[in-house]
Amino acid sequence: MWKALMVAVAGLTLSAVASAQELVEGEHYERLETPVETQVDDDKIEITEAFWFGCPHCYRLQPEVTEWYETLEDDVRVVHQPATMGGDWNTHATAFYAAKSLGIEDALHADFFHAIHEEGRSLTDTDELAEFFANYGVSEDEAREALTSFSVRSDVSSANSRMRDMQLMGVPALMVDGRYLVTPSSAGSLANMPQIADALIERVREERAESSR
C-alpha cells in the first residue's frame, strides 16, 4: 500500500512539473540536433510511438499510452513507428505494415501484443501470421500477399531510415514534433512518458503561436 501511495505521489509531482512547463532538456527529454521529418499535416503536432511488438516494456506501456491518446486534442496526430533492428523486429514491422495496408491494424494492434506476451506466440512465421490475420476479416491468401508485397517492404525500409534519423538505440520511445524524444530513462518510468510528452506538446503549441506573431 505504501509503495502504491509513493508511486501516486510521484505521479502527481511530475504532473505539476509538466503542467508548469519546467522540463529540463537532457533530464526529462532529449532534443534531436536534426529534426526528423514528420508525417502529418503542417498544422498538426505529431506524436511518434516507437515500439517493437516483442518488447515487454512496450507491452507494459500500452495501457498508459492508449488511455493518453484518447485525451489528445484535435491538433495532435499519433504515428505508430515499428522498430527495425533486424530479425524478429523486422518481421513484426512487416506484420504491422501489412496489417495497415489491409486496413486491420487498429483492430489487430493490441491483440498482436497480447498474443506474444500473454499467449507465448512468436508470430514470426508467414503461415502463422496469415492465420492470425484471418481473424480480422481478411483471407490467409490476402494476408500472405500483403506480407510479401513490395509496398510493405518499402514501408519497412522507410521505417528503418526513420529509426536511424531518430537515433534510437532501443524502445519504447515517444517523439514529439520530430524533435523532442522521451524514453523510459529520461522520463523516470514508463508511466511518466505520456506526461512528459503531453507537456512537450504544449511547448510546441507555444512555440508555434510565438512564431506566428
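What you see is a predicted model, and the numbers here were worked out from it, not measured in a lab. Counting of residues starts from 1 at the beginning of each chain's written sequence and follows it residue by residue. Side-chain atom pairs in this predicted model are given and counted only at pLDDT of 80 or more, local residue features only at pLDDT of at least 70, and totals for whole chains, interfaces and linings cover all residues. Each side-chain value is derived from all of the structure's non-hydrogen atoms; neither hydrogens nor water enter the calculation.

1. Section: the layout of surface pockets
Then, number 1: Both cavities and pockets are sets of points on a 1 Å grid over the protein atoms alone; in a cavity a 1.4 Å probe fits but cannot get out, in a pocket the set is open with protein on both sides within 12 Å along at least five of seven lines, and lining residues sit with an atom within 4 Å of a point. Grid points are joined across faces, edges and corners, and a volume is the space filled by probe spheres set on the points. Space inside the second largest pocket adds up to approximately 240 Å³.
Then, number 2: If you trace the second largest pocket, you find 16 residues lining it, with Glu30, Gln167, Leu168, Leu181 and Thr183 closest to the centre.
Then, number 3: The secondary structure listing takes helices from DSSP runs of H or I that are at least 4 residues long and strands from runs of E that are at least 2 residues long, numbered from the N terminus. Secondary-structure elements contributing two or more residues to the lining of the second largest pocket are strand 1 (30–31) and helix 8 (184–187).
Then, number 4: Considering each element in turn, the lining of the second largest pocket owes the most residues, three residues, to helix 8.
Then, number 5: Residues of the lining of the second largest pocket, tallied by class, amount to eight nonpolar, five polar and three charged. Throughout this entry, Asp, Glu, Lys and Arg are counted as charged residues, while Ala, Val, Leu, Ile, Met, Phe, Trp, Tyr, Cys and Pro are counted as nonpolar. The remaining residues, Gly among them, count as polar.

2. Examining the nonpolar core
Then, number 1: Leu108, Phe112, Phe132, Phe133 and Val171 are the most contacted members of the largest nonpolar core, which totals 42 residues.
Then, number 2: Of all the secondary structure elements, the ones that give two or more residues to this core are strand 2 (45–51), helix 3 (88–101), helix 4 (105–117), helix 5 (126–133), helix 6 (140–147), helix 7 (150–166) and strand 4 (173–176).
Then, number 3: Ranked by residues supplied to this core, first place goes to helix 3 with seven residues.
Then, number 4: Two residues form a contact once any of their heavy atoms are found within 4.5 Å. In contact with phenylalanine 133, not counting residues within four places along its chain, are Ala95, Ala98, Ala99, Leu102, Ile104, Leu108, Phe112, Val138, Ala143 and Leu147. The set of buried Ala, Val, Leu, Ile, Met, Phe, Trp, Tyr and Cys residues whose side-chain atoms join them within 4.5 Å is what this entry labels a nonpolar core. In this scheme, a residue with accessible area under 20% of its type's maximum is buried, one over 50% is exposed, and one in between is partly exposed, where area comes from a 1.4 Å probe on protein chains only.

3. A few points about the packing of aromatic side chains
Then, number 1: Two rings from Phe, Tyr or Trp (for Trp, the six-membered ring) form a pair when their centres are within 6.5 Å of each other. A pair whose planes differ by under 30 degrees is stacked, one over 60 is edge-to-face, and the rest are tilted. Scanning the model with the defined rule gives twelve aromatic pairs in all.
Then, number 2: Geometrically, the ring pair formed by phenylalanine 53 and phenylalanine 113 is edge-to-face, given 4.9 Å between the ring centres and 65° between the ring planes. Note that phenylalanine 53 is positioned in the loop between strand 2 and helix 2 (56–69) and phenylalanine 113 in helix 4, a separation of 60 residues in sequence.
Then, number 3: Look at phenylalanine 53 and you get buried, because its relative accessible area is 2%.
Then, number 4: Put simply, the rings of Phe51, Phe53, Tyr59, Phe96, Tyr97, Phe112, Phe113, Phe132 and Tyr136 touch in pairs and so form one group of aromatic residues.

4. A closer look at the domain arrangement of the chain
Then, number 1: All domain edges in this entry derive from an automatic or database-based domain assignment. Structurally, the chain comprises domain 1 (42–83 + 172–212) and domain 2 (88–167).
Then, number 2: Each of domain 1 and domain 2 has a C-alpha centre, and these two points are 22 Å apart.
Then, number 3: Each side of the interface is counted separately: domain 1 has 19 residues, and domain 2 has 17 residues.
Then, number 4: Contact between domain 1 and domain 2 buries roughly 1900 Å² in total, counting both sides, with carbon and sulfur atoms accounting for 71%.
Then, number 5: Defined in terms of a 1.4 Å probe, buried area is the accessible area two parts forfeit on being brought together, summed over both. Looking at the side of domain 1 facing domain 2, the largest losses of area belong to Trp52, Phe53 and Tyr59, adding up to 42% of the total buried there.
Then, number 6: Salt bridges are counted wherever a side-chain nitrogen of Lys or Arg sits within 4 Å of a carboxyl oxygen of Asp or Glu. At the surface where domain 1 touches domain 2, the tally comes to one salt bridge.
Then, number 7: Between arginine 162 and glutamate 46 there is a salt bridge, with its nearest N and O atoms 2.5 Å apart.
Then, number 8: Whenever two N or O atoms come within 3.5 Å, that pair is a polar contact, provided that in protein one can donate a hydrogen and the other can accept it, and provided that, for residues adjacent in sequence, both atoms are side-chain atoms. In this structure, the connection of domain 1 to domain 2 is made through seven residue pairs in polar contact (both at pLDDT 80 or more).
Then, number 9: Contributions of two or more residues to the side of domain 1 that touches domain 2 are made by strand 2, helix 2 and strand 3 (76–82).
Then, number 10: Tallied by class, the residues present in the side of domain 1 that touches domain 2 amount to 13 nonpolar, five polar and one charged.

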